[in-house]
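As a plain string of letters, each chain reads:
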Amino acid sequence: MSQLKQQMSLHNNDDNSAPSTPGKFKMEKSPYFNRTRWHSSLAKLTLWSFAFLAVIFIFFFRSPSSPSLPTDTSRRSLRTYNWGGPAWEKRVRSSARVRSRNGLSVLVTGAAGFVGTHVASALKRRGDGVLGLDNFNDYYDPSLKRARQALLERTGVYIVEGDINDEALLRKLFEVVAFTHVMHLAAQAGVRYAMENPGSYVHSNIAGFVNLLEVCKSVNPQPAIVWASSSSVYGLNTKVPFSERDRTDQPASLYAATKKAGEEIAHTYNHIYGLSLTGLRFFTVYGPWGRPDMAYFFFTKDILKGKAISVFEAANHGTVARDFTYIDDIVRGCLGALDTAEKSTGSGGKKRGPAQLRVFNLGNTSPVPVTELVSILERLLKVKAKRNIMKLPRNGDVQFTHANISYAQRELGYKPTTDLQTGLKKFVRWYLNYYSGGKKAVE
Ligand SMILES: NC(=O)c1ccc[n+]([C@@H]2O[C@H](COP(=O)([O-])OP(=O)(O)OC[C@H]3O[C@@H](n4cnc5c(N)ncnc54)[C@H](O)[C@@H]3O)[C@@H](O)[C@H]2O)c1
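Just so it is clear, the structure is predicted and the values come from calculations on it, not from any experiment. (Residues numbered from 1 in each chain as written. Predicted model: local features only at pLDDT ≥ 70, side-chain atom pairs only at ≥ 80, totals over all residues.)

## Considerations on the overall build of the protein chain
Point 1. Looking only at helices and strands, one finds 14 helices and 13 strands in the protein chain.
Point 2. Relative to its full complement of 443 residues, the protein chain shows a buried share of 41%.
Point 3. Pairs at least 24 residues apart make up 81% of the contacts formed inside the protein chain by residues separated by at least 6 positions. (Helix = DSSP H or I, 4+ residues; strand = E, 2+ residues; numbered from the N terminus. Buried ≥ 20, exposed ≤ 12 C-beta atoms within 10 Å, placed from the backbone. Contact = placed C-beta atoms within 7 Å.)

## Some remarks on the sheet that holds strand 4 (residues 181-184)
Point 1. Taken together, seven strands build an open sheet; the order of strands is 3-2-1-4-5-6-11 and the sheet is parallel. At either margin of the open sheet sits one strand with a lone partner, and together these are strand 3 (158-161) and strand 11 (357-362). Strand-to-strand, the axes of this sheet are offset by a mean angle of 20 degrees, without reference to chain direction.
Point 2. In the sheet, strand 4 pairs with strand 5 (residues 224-230) via four bridges, with the strands oriented parallel. Counterpart to Val-182 in the pairing with strand 5 is Ile-225.
Point 3. Contacts from helix 11 (residues 327-340) reach strand 1 (105-109), strand 4, strand 5, strand 6 (277-282) and strand 11 within the one sheet, and its direction differs from that of strand 6 by about 165 degrees. (Pairing = 2+ DSSP bridges. Axes fitted to C-alpha atoms, helices over the stretch in contact; angles between N-to-C directions.)

## Some details on the pairing of strand 1
Point 1. For strand 1, the tally of buried residues reaches four of five residues, placing the bulk of the element in the interior.
Point 2. As paired elements, strand 1 and strand 2 (residues 129-134) share five bridges and run parallel to each other. Bridge pairing in strand 2 links Leu-107 to Leu-131.
Point 3. For the segment spanning strand 1, helix 5 (residues 114-125) and strand 2, crossover handedness is right-handed.
Point 4. Taken together, the four bridges between strand 1 and strand 4 define a ladder with parallel strand orientation. Within the sheet, the bridge partner assigned to Val-106 lies in strand 4 and is His-181. (Right-handed = clockwise from strand over helix to strand, strands pointing away.)

## Brief notes about the site of the ligand
Point 1. Lining the immediate surroundings of the ligand are 27 residues, of which Gly-110, Gly-113, Phe-114, Ala-187 and Ala-228 lie closest.
Point 2. Of all the secondary-structure elements, those providing two or more residues to the shell around the ligand are helix 5, helix 8 (198-218) and strand 5.
Point 3. Among the elements that take part in the shell around the ligand, helix 5 stands out by supplying three residues, more than any other.
Point 4. The residue makeup of the shell around the ligand, split by class, is 12 nonpolar, 11 polar and four charged. (Near = placed C-beta within 6 Å. Nonpolar A, V, L, I, M, F, W, Y, C, P; charged D, E, K, R; others polar.)

## A few points about the nonpolar core
Point 1. Ranked by size, the top nonpolar core spans 102 residues in total, and within it Val-106, Val-108, Val-119, Met-183, Val-226, Cys-334 and Leu-338 carry the most contacts.
Point 2. The biggest single contributor to this core is helix 8, with eight residues. (Core = buried A, V, L, I, M, F, W, Y, C linked by C-beta atoms within 7 Å.)

## Concerning the environment of Leu-173
Point 1. Checked against the element boundaries, Leu-173 lands in helix 7 (residues 167-176).
Point 2. Separated by 84 residues in the primary sequence, Leu-173 and Glu-89 have C-alpha atoms spaced 8.5 Å apart.
Point 3. Excluding residues within four positions of it along the chain, Leu-173 makes contact with Val-92, Leu-107, Leu-131 and Val-160.

## Focus on the packing of helix 5 against helix 11
Any two packed helices are characterised by how steeply their axes cross, that is the angle between the axes, and by the distance between the axes.
Point 1. At their nearest, the axes of helix 5 and helix 11 sit 10 Å apart, and the two run at 60 degrees to each other. For the element pair helix 5 / helix 11, the angle class is oblique. The way helix 5 lies across helix 11 gives a crossing that is right-handed. Every residue of helix 11 that contacts helix 5 at Val-115, His-118, Val-119 and Ala-122 is listed here: Ile-327, Ile-330, Val-331, Cys-334 and Leu-335.
Point 2. Looking at the contact of helix 5 with helix 11, its residues break down into eight nonpolar, one polar and no charged. (Parallel < 35°, antiparallel > 145°, perpendicular 65-115°, else oblique. Left-handed = near helix turned anticlockwise from the far one by under 90°.)

## Side note on the confidence of the model for the protein chain
Point 1. Looking at the protein chain, pLDDT values average 86 and 81% of them are 70 or higher.
Point 2. Between residues 438-443, whose pLDDT stays under 50, and residues either more than four places distant or in other chains, the model counts 10 contacts. (pLDDT = per-residue confidence, 0-100.)

## Some points on the pairing of strand 6
Point 1. Burial within strand 6 is extensive, with six of its six residues counted as buried.
Point 2. Of the two faces of strand 6, both are covered, the one formed by Leu-277, Gly-279 and Arg-281 as well as the one formed by Thr-278, Leu-280 and Phe-282.
Point 3. Bridge count between strand 5 and strand 6: six bridges; the pairing is parallel. Following the sheet pairing, Ser-230 is matched in strand 6 by Phe-282.

## Brief notes about helix 5
Point 1. End to end, helix 5 covers 17 Å across 12 residues, agreeing with the expected 16 Å (1.5 Å per residue, within 8%).
Point 2. Counting buried positions along helix 5 gives 10 out of 12 residues, so the element sits mostly inside the fold.
Point 3. Inspection of helix 5 places Phe-114, Val-115, Gly-116, Thr-117, His-118, Val-119, Ala-120, Ser-121, Leu-123 and Lys-124 among the buried residues, and these make up the whole buried set.
Point 4. Gly-127, located one to two residues past helix 5, shows a positive phi value of around 100 degrees. (Expected span 1.5 Å × (residues − 1).)

## Observations concerning the environment of Tyr-273
Point 1. By secondary structure assignment, the location of Tyr-273 is in helix 9 (residues 254-273).
Point 2. For the pair Tyr-273 and Gly-348, spaced 75 residues apart in sequence, the C-alpha separation works out to 9.4 Å.
Point 3. Setting aside residues up to four positions removed in sequence, Tyr-273 forms contacts with Lys-217, Gly-346, Gly-349 and Lys-351.

## A few points about the environment of Pro-367
Point 1. Secondary-structure assignment places Pro-367 in the loop between strand 11 and strand 12 (368-369).
Point 2. Residue Pro-367 is classed as buried on the basis of its C-beta count, with 23 C-beta atoms lying within 10 Å.
Point 3. As for Pro-367 and Phe-400, which are separated by 33 residues in sequence, their C-alpha atoms are 7.7 Å apart.
Point 4. Beyond its immediate stretch of four places on either side in the chain, Pro-367 contacts Ala-321, Arg-322, Asp-323, Phe-400, Thr-401 and His-402.

## Some thoughts on helix 12 (residues 370-381)
Point 1. The first and last C-alpha atoms of helix 12 sit 16 Å apart over 12 residues, in line with the 16 Å expected at 1.5 Å per residue.
Point 2. Check the buried side of helix 12 and you find it contacts helix 10 (295-305), strand 8 (309-313), strand 9 (321-322), strand 12 and helix 14 (420-436).

## Thoughts on unusual backbone geometry
Point 1. Geometrically, the link from Asn-220 to Pro-221 is a cis peptide bond, its omega value of -5 degrees lying close to zero.
Point 2. Position of Pro-221 relative to the elements: it lies in the loop between helix 8 and strand 5.
Point 3. The backbone of Trp-289 shows a phi angle near 65 degrees, a positive value even though the residue is not glycine.
Point 4. Looking at Trp-289, the number of C-beta atoms within 10 Å reads 20, which means it is buried.

Dropping the structure here:
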């Protein structure tokens, strides 16, 4: 299409340039004038015919189920994905088939991501039907996402490759499977990257979330939705530990602002359409198959390479600390939220009664200074880190996070059991095996 547009605009430019010089103007009076105009009309006609044929060609030869183009302009979203057809539908159905009594049928978005892979595989292990959805974007090394996909495939979970902004795809998925639940984990994560590519946060965390909710509100039956918010919504809040009742109107990054916007959007869809919505504010999740953009991950990589690491401190040598939460604890929290989620109350796109709306902190409730994180890694890796102590930049990171988890404890039976030392040991074992165990060398 863009080629076509280019051709058309080139053509128009030629047209405009025609009378711009006296010489060319004179040509109009020459005996050849009529023939020249006739030739130019013929050329125009041919070009327009080509344009018309090209439009027809594009219209008919697009796959009948190919997705609508994403509306976003961020570089990673301008992709099309292949989906549809009887074999594809069979695969979708088989992955989502419930194998236990009273099992759930769950669409897991962001399934090739860190948390998504762990949640999808835990659901599958207990007999729930699970279908994944992920756009495999390149925010971090997509080969890690592919490796997670292979892992899930071995447990019987199929990940559909597509974008949550693709309404036609989402509608098709709900047409093929009547999902009882959506575990929505697809998002643009990371705090600092928001200054580099803000559009990707709006695309996935706001537009994508709204698109997903639009589809969920209109299908019958409406699913219950559990989705990932973030501890970052607490922003500049200084009251500790962070409780769900504390203020969340001072986000310190665009990422945090999009997650906060998600919480408000969730309220709206619950209020107007009766969707059952549970938001989970995760606190710095870590563990095997983790995210390479997170400090514990790239510290490990850099320490092993003998490269200096930047360790931040706050003003007046203040401690920077995080409530690091091990992935298995987070998974239990997610399953607890899915199991206690009440049904949505709407049908036919209309609310039929009040529906559940919840927000929970999922943290470890024991913050650890980042300097201590480095010391644990040094012991586990048996390598001394080269530390560069630096001032905490004001580009999104906050000085500390600390979760009050009593509400999740009460309602979800959430009880984290893994301390940082134990969890990092498991991470390091996975890391060494994944990157040096024959699959891939540490770069
Ligand atoms: N890991 C943490 O410490 C942490 C903390 C707070 C909140 N969260 C939230 O938890 C969720 C999962 O985080 P994670 O650590 O697994 O991140 P992740 O980046 O590993 O996983 C997110 C997945 O979503 C996919 N995705 C992104 N945009 C998409 C789109 N438009 N359509 C389809 N797929 C898309 C990505 O390809 C990726 O695989 C996210 O919502 C994140 O914001 C994570």
